[in-house]
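Chains, contacts and geometry: an overview
Read off the chains here:
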Amino acid sequence: MEENWAERISAFSHSPSRFLSGTTAEAFLAELLRELRDDRASYSVKVLLLSPLCEHPTLLCPSDSVGEETALELMSVLDQCPPKSVQFRCHLLLALTAVLVCTSCVSLRSRAFQDFLDLLLQMAQDTGDLQGDGALRSLRATACDCLRELEACSPGLLSQRLELLGGLRQRETSRLHQAYVGLHALVLRNAVYRLTQDAGAGAEHLKALLGGHTSVAWEAELDSGPMSDKDSSAILSSLVLGPMGTVPTLQTGPDCKELRSVLSSLLEESYLLTPLCQAALLHRLTEVVAMVPGVPPAVFRAQLLRLLGTSEVCLLHSTLLLKSAFTDSLFSAEDEAFILQRLVVLSQHPLLSAPEKLFYTDCLLHFPENRPIGCGGDGDESLPVLLTPRLASALAPTVFNDSATGLARFNLLSLVYLEEAEEGEGEESRGLAYLYQHLAALLRVVANGGSRQVVVTFFRAAFLFLSYFCHVERYCRSLTEELCELYLRHTHLAPHVINLADQVQDKLAESDWAVGFLRALQGVIAEAPPAHLTLRDLSWHLKTLARVAEEGEIPQHSTVRFLSSVTAPSPSSPCAGGDWRLGNSLLGVCRRLLVHPSLDSLLIPLADVLQHLTRCYGDTDIRDHARLYYTLLTTLSREKLAGVLAQGSAEGGRQVKKRSLSCIMVESEGLASALTIHQTEKSIFRLIEARSEPQGEAQTDEVSDLNLNETFPAEANAALEEYRAQFDVPGFASEVTLNYQLTHIDGDSRFDQLFSIRLHFSLTDDHYEELGDISVPRLLRGRPSPEVRLRLKPRRPYPTTLHASAVFTTQDGLSWFTVLPHVHVAFRQAFAPLPTPPGWGRGGRLGLFQGLWDEMSAEEQDDCATSLLCCQLKEVALTALVEKHFLPYLISDLTDEEEFKVLFFLPPRSHVLLKIRPGDPVHFNVATDNWQLLRHLNSYLLTITSSQEQTGL
């Protein structure tokens, strides 16, 4: 049995959805709880059984009521667990915390949560192990962790226990002291924050809170219930990581002796904690002091000597947080200079790892100065005034640095020397010269066959250099020449070269370097002798020239001459082989030239190139497209030509179905975009159940009842035989049809008009046969929602969930894939009207009902079962319930006040019969030929009867 549970828990952890396809969350949870209560199971197995509740509490407890019931069961198991089973009790506490937090029982302050909270506080105060062997310390540590988790998820929960937690912290002398310190600091921070949100709170409220004897009014305020999402997100986020002007404050005046005493006590004990816990404690206390102006930041002064000399990353980060929060009210100019020097040293320390050195470098770029000179926004990189070029020279990048370190240092030094270069009045600084020499060194490494990482590093460094020093013409001109030479030697770097030009043009709109660089590339390519070009080099040249042709400022005569030279008939010409890819690249350049502003001056030579391709190129497809371009060029005016070729080339809203074949042919990116199925970031539409009257006999009751010639067997057994004979026909009454409407969710205008929607459904269990895909012609926002009919073929008529997805086409011709919200099929949706033989009316159905009831009530039937549900319903409410929920399945006359007979048929061959008798209470007598349906039927009946009671009828 233990091996079986280990396999099942492993299967559940590996894939919960796949595991639950063979059962239900309710059934699996019941098994877990039953096994936890079993005294025969070992505690090692019970610890294993708690892991699903710790890892997936919302999956097993989908509602608050189920969560509370599960918590009560676990607390019952905890009460019966012997004290010596410490490990199991610790895991029980963790499972209880997970269930209560994830099912909102904490925010709703349920009874189970209140009991659990009292239990945790009792365990935290139980110091009976101080004189013993410490076996129960792990239980107290777990209780502290659970309390901290509850406080973090429900800020202010333990505010009334501040004095108690402070006393526990001071009395604790074991290693658990750290857990109590962390809990006390978190509760103190949240309590002060809650006070800042009350306009009437002041020093007396803070004093009362720390003393543990709060007023009734304030206690009511703290226990007023769950906070709003906005308040909760504000209290959970850090208050000192953003602008300090946004920190809420509590006006207490100078009289804060109690709070200063608590803070001093916590800080004096901080050296006993691990570095991570010290950092967390300092963060919390920094927030507290920032919220209470009456406490001077000098309370941290005694800790600065230790913090300034720390080698721990987390503690140095806490020091910078303190400096950001309190600036010169806590740190002197000498302290600031010392921290800067230390950051510079640590950024290059040989014993530190690369991530640590990168962190220290980033701290220099975001250093919180005492008196900053600029007012840059959050996240902007700027250098502190005290970081002089001489001090920063120790961080000069070298070719031996790894990519991340080299780029970080290059960026830092660029900022350092930027001001120096601007003040040089035309004479470039030595620092700038060094940076360019470093960039040239990287270029030489790339030219000599550097790795891909070195190539990427060089081009990123070139972009950084240009972003800072694009105004220094000498270096920009030199860099252009070096890049052109590099490109000629290594044409495969064309994507990097083009990307550099694109990024500089996008990010530095005021600079004309990108245009000058592209013009220089055009020149070196045009001067290259065609006879020495390989097919690969020519392909990269054409890709580069296509990018050059996008710039209207650059004349294209040299490009056309290059095209003429490479397409000229020659045995050694790369075009002689008729390669399709090469022809596509040639047409790409031609197409861009057709829309260039200087087309009039290019008309004759470009026409010659296209005519030569039409006659001589070895690929038929290329010749056809070249003929199309030649025809367009020679027959259309420049304006019409630009209009034809521009269709579909612009991004953001052009329709693909208007694109010319020539555009698709030569635009590899556009072709990839058109053929790729894109995925949406979130659901675009969903299926909503459409309420409709069930099909079948329910609609024809009146006609059948008026049919005086109806025929049906007089005896119940004969009626059963005739009814069941219908099921000998394969597929008879085996489907359930569910009606849905397809409606928009997302407001993105790109998806206002959707076409050719293909819905795909996948099952999460084996209760139903696989569903086929469904096609929906269109979904237009603002128009009536299209109807979607799901034809389910049950194997077992149980509730289920369908995973839905869709592929569709938008108005611009692109294909998209989206995931729809899950489709939940309820138990009631499996109901179908009784498929009686033709000619049967109410009399026949009544006879069949009696025959089925007698058969299901017999004791010798294995799968049959009977049950009884009682509830309080008034006569009017009962009649309304029958009319609302049971009328399509009603066998007896609605005017029959003594008893209502209801028969549900559930494909493929299950039946549920109800005899509803009015009274006090109302009796729902149930009979079914499938006993496994009872739990679903019970849940359904409880739902509809409770909702009917709430209507007040």
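Bear in mind the structure is a predicted one, so any value in this text is a computation, not a measurement. (Residues numbered from 1 in each chain as written. Predicted model: local features only at pLDDT ≥ 70, side-chain atom pairs only at ≥ 80, totals over all residues. Heavy atoms only, no water.)

Concerning the overall build of the chain
Threshold: The secondary structure listing takes helices from DSSP runs of H or I that are at least 4 residues long and strands from runs of E that are at least 2 residues long, numbered from the N terminus. Partly exposed residues are those whose accessible area sits between 20% and 50% of the maximum for their type, while under 20% is buried and over 50% is exposed, using a 1.4 Å probe and protein chains only. Only heavy atoms enter the contact rule, under which two residues are in contact if any of them lie within 4.5 Å.
Counting secondary structure elements, the chain contains 40 helices and 13 strands. Counting across all 953 residues of the chain, residues that qualify as buried make up 49%. Taking the intrachain contacts of the chain between residues at least 6 apart in sequence as the baseline, contacts between residues at least 24 apart amount to 71%.

Structural notes on the packing of helix α24 (residues 452-469) against helix α26 (residues 494-507)
Heads up, the rule is: Only the stretch in contact is used when fitting a helix axis, every axis being a line fitted to C-alpha atoms; angles between N-to-C directions are given from 0 to 180 degrees. Oblique is the label for any angle not covered by the other classes, which are roughly parallel (under 35 degrees), roughly antiparallel (over 145) and roughly perpendicular (65 to 115). Crossings are sorted by hand: turned counterclockwise from the far helix by less than a right angle, the near helix makes the crossing left-handed, and turned clockwise it makes it right-handed. For this classification, the nonpolar set comprises Ala, Val, Leu, Ile, Met, Phe, Trp, Tyr, Cys and Pro, the charged set comprises Asp, Glu, Lys and Arg, and every other residue, Gly included, is treated as polar.
Running from amino to carboxyl end, α24 crosses α26 at an angle of 25°, the nearest separation of the two axes being 10 Å. On the basis of their axis angle, the class for α24 and α26 is roughly parallel. For the pair α24 and α26, the crossing hand works out as right-handed. Each of Val455, Val456, Phe459, Ala462, Phe463 and Leu466 in α24 lies in contact with α26, whose residues at this interface are His496, Val497, Leu500, Gln503, Val504 and Lys507. When its residues are assigned to classes, the contact of α24 with α26 shows nine nonpolar, two polar and one charged.

Describing the sheet that holds strand β10 (residues 865-871)
Here is the rule we go by: In this analysis, strands are considered paired if DSSP registers two or more bridges between them.
With antiparallel pairing, four strands are arranged side by side in an open sheet as β10-β13-β12-β11. Of all the strands in the sheet, just β10 and β11 (900-906) have a single pairing partner and so form its edges. Neighbour-to-neighbour, the strand axes of the sheet open up by a mean angle of 20°, direction not taken into account. Bridge count for strand β12 (residues 910-917) against strand β13 (residues 922-928) is six bridges, and the pairing is antiparallel. Counterpart to Val912 in the pairing with β13 is Thr928. Across the sheet, helix α38 (residues 842-857) is in contact with β10, β11, β12 and β13; its angle to β12 comes to roughly 100°. Here helix α39 (residues 875-886) sits on the sheet and contacts β11, β12 and β13; the angle it forms with β11, its principal contact strand, is near 25°.

Overview of helix α28 (residues 535-548)
How we decide: Helix span is expected to be 1.5 Å times the residue number reduced by one.
In this model α28 runs 20 Å from its N-terminal to its C-terminal C-alpha over 14 residues, within 8% of the 20 Å that 1.5 Å per residue would give. Of all the residues in α28, the buried ones are Leu538, His541, Leu542, Thr544, Leu545, Ala546, Arg547 and Val548.

Observations regarding a negative patch on the surface
Note the cut-off: Only residues whose relative accessible area exceeds 30% and that form no salt bridge enter a patch; like-charged residues are grouped when within 9 Å of one another, and nonpolar side chains (Val, Leu, Ile, Met, Phe, Trp, Tyr) when within 5 Å. Method for areas: the Shrake-Rupley scheme with a 1.4 Å probe, in which residue coverage is limited to the protein chains shown. For salt bridges, the criterion is a side-chain nitrogen of Lys or Arg within 4 Å of an Asp or Glu carboxyl oxygen. His is not counted, nor are the chain ends; Lys and Arg add positive charge and Asp and Glu add negative charge. By convention, the charge on Lys lies at NZ, on Arg at CZ, on Asp at CG and on Glu at CD.
On the surface, a cluster of negative charge is contributed by Glu875, Asp893, Asp896, Glu897 and Glu898. Mapped onto the secondary structure, Glu875 falls in helix α39.

Notes on the pattern of salt bridges
Inspection of the entire model under this criterion finds 25 salt bridges. Here Arg40 ties to Asp38 by a salt bridge, and the two come within 3.1 Å at their closest N and O atoms. Residue classification places Arg40 among the exposed positions, given a relative accessible area of 76%. A residue is classified by how much of its surface remains accessible, and Asp38, at 19% relative accessible area, is buried. Its salt-bridge partner being Glu689, residue Arg828 comes within 2.9 Å of it at the nearest N-O pair. Of the two residues, Arg828 sits in the loop between β9 (823-825) and α38 while Glu689 sits in strand β2 (residues 685-689), which places them 139 residues apart along the sequence. Judged by relative accessible area, which is 28%, Arg828 ranks as partly exposed. Look at Glu689 and you get partly exposed, because its relative accessible area is 30%.

Describing the packing of helix α6 (residues 64-80) against helix α8 (residues 111-125)
To describe two helices that pack against each other, one gives the angle between their axes and the distance between the axes. Following both chains from N to C, one finds α6 and α8 inclined at 35°, their axes separated by 9 Å at the closest point. The way α6 lies across α8 gives a crossing that is left-handed. In this structure, α6 uses Glu68, Ala71, Leu72, Met75 and Leu78 to contact α8, whose residues at the interface are Arg111, Ala112, Asp115, Phe116, Leu119 and Met123. Taken together, the residues of the contact of α6 with α8 break down into eight nonpolar, no polar and three charged.

Things to note about a nonpolar patch on the surface
A contiguous nonpolar patch, built from Val399, Phe400 and Val445 and spanning about 310 Å² of accessible area, is present on the exposed surface. Assignment of secondary structure puts Val399 in the loop between α21 (389-392) and α22 (403-422). A relative accessible area of 38% means that Val399 is categorised as partly exposed.

So, the nonpolar core
This is how the line gets drawn: As used here, the term nonpolar core means buried Ala, Val, Leu, Ile, Met, Phe, Trp, Tyr and Cys residues forming a set that is joined through side-chain atoms within 4.5 Å.
Core analysis: the largest hydrophobic core is formed by 202 residues, its most contacted members being Leu188, Phe300 and Trp513. Looking at this core element by element, the count peaks at 11 residues for helix α11 (residues 177-196). Once you skip the residues sitting within four places of it in the chain, Trp513 turns out to touch Leu466, Cys476, Leu479, Thr480, Leu483, Leu500 and Val504.

Some details on the pairing of strand β7 (residues 800-810)
Counting buried positions along β7 yields eight of 11 residues, so the element is predominantly enclosed. Inspection of the sheet shows strand β4 (residues 753-763) paired to β7 by eight bridges, in the antiparallel sense. Looking across to β7, one finds that Phe755 is bridged to Thr809. Here three bridges tie β7 to β9, and the two strands are oriented antiparallel to one another. Within β9, the position partnered with Thr800 by the bridge is Val825. Note: β7 against strand β8 (residues 815-819), five bridges, orientation antiparallel. What sits directly across from Phe808, in β8, is Trp816. Linking β7 back to β8 in an antiparallel pair, the connection comprises four residues, with Gly813 at a positive phi of about 90°.

Considerations on the environment of Leu873
The topology assignment puts Leu873 in the loop between β10 and α39. A residue is classified by how much of its surface remains accessible, and Leu873, at 11% relative accessible area, is buried. For the pair formed by Leu873 and Gly919, sequence separation is 46 residues and the distance between their alpha carbons is 8.2 Å.

Some points on the environment of Tyr940
Tracing the sequence through the fold places Tyr940 in helix α40 (residues 934-950). For the pair Tyr940 and Arg828, spaced 112 residues apart in the sequence, the C-alpha separation amounts to 7.4 Å.

Describing unusual backbone geometry
In this structure, the amide linkage connecting Pro907 to the following residue, Pro908, adopts the cis form with an omega of 10°. Along the chain, Pro908 turns up in the loop between β11 and β12. In the segment running from Asp920 into Pro921, the intervening peptide bond is cis, with an omega of 10°. Take Pro921: it is sitting in the loop between β12 and β13. The backbone of Ala733 sits at a positive phi, close to 50°, despite the residue not being glycine. Here Ala733 is to be found in the loop between α37 (716-725) and β3 (736-744). You can call Ala733 partly exposed: its relative accessible area is 25%.

Examining the sheet that holds strand β6 (residues 787-792)
Remark on secondary structure: sheet strands pair via backbone hydrogen bonds, oriented parallel or antiparallel. Read from one edge to the other, the open sheet built from three strands follows the order β2-β3-β6, with strand pairing classed as antiparallel. With partners counted over all chains shown, the strands left at the sheet margins are β2 and β6, one partner each. In this sheet, neighbouring strand axes are inclined to one another by 40° on average, regardless of whether the strands run parallel or antiparallel.

Some details on the packing of aromatic side chains
To keep things clear, this is the line we draw: Ring pairs shown here join Phe, Tyr and Trp side chains whose ring centres sit within 6.5 Å, with only the six-membered ring taken for Trp; geometry is labelled stacked below 30 degrees between planes, edge-to-face above 60, and tilted in between.
Enumeration over the complete set of coordinates arrives at 26 aromatic pairs. Centroid distance Phe12 to Phe28: 5.2 Å. Interplanar angle 35°. Geometry classified as tilted. In this pair, Phe12 is assigned in helix α1 (residues 2-14) and Phe28 in helix α3 (residues 25-37), connecting sequence segments 16 residues apart. Judged by its relative accessible area of 0%, Phe28 is buried.

Notes on the pairing of β11
Here β11 lies mainly inside the structure; seven of its seven residues are buried. Both faces of β11 are covered, namely the face carrying Phe900, Val902, Phe904 and Leu906 and the face carrying Lys901, Leu903 and Phe905.

Concerning the confidence of the model for the chain
What counts here: Known as pLDDT, the predictor's confidence for each residue is given on a scale from 0 to 100.
With 86% of its residues at a pLDDT of 70 or more, the chain has an overall mean of 84. By mean pLDDT, the top-scoring element of the chain is α24 (95), and the lowest-scoring one is helix α13 (residues 216-222) (41). Within the model, the stretch residues 648-668 combines pLDDT values under 50 with 39 contacts to residues more than four positions away or in other chains. Contacts from residues 693-709, a stretch scored under 50 in pLDDT, to residues over four places away or in other chains number 19 contacts.

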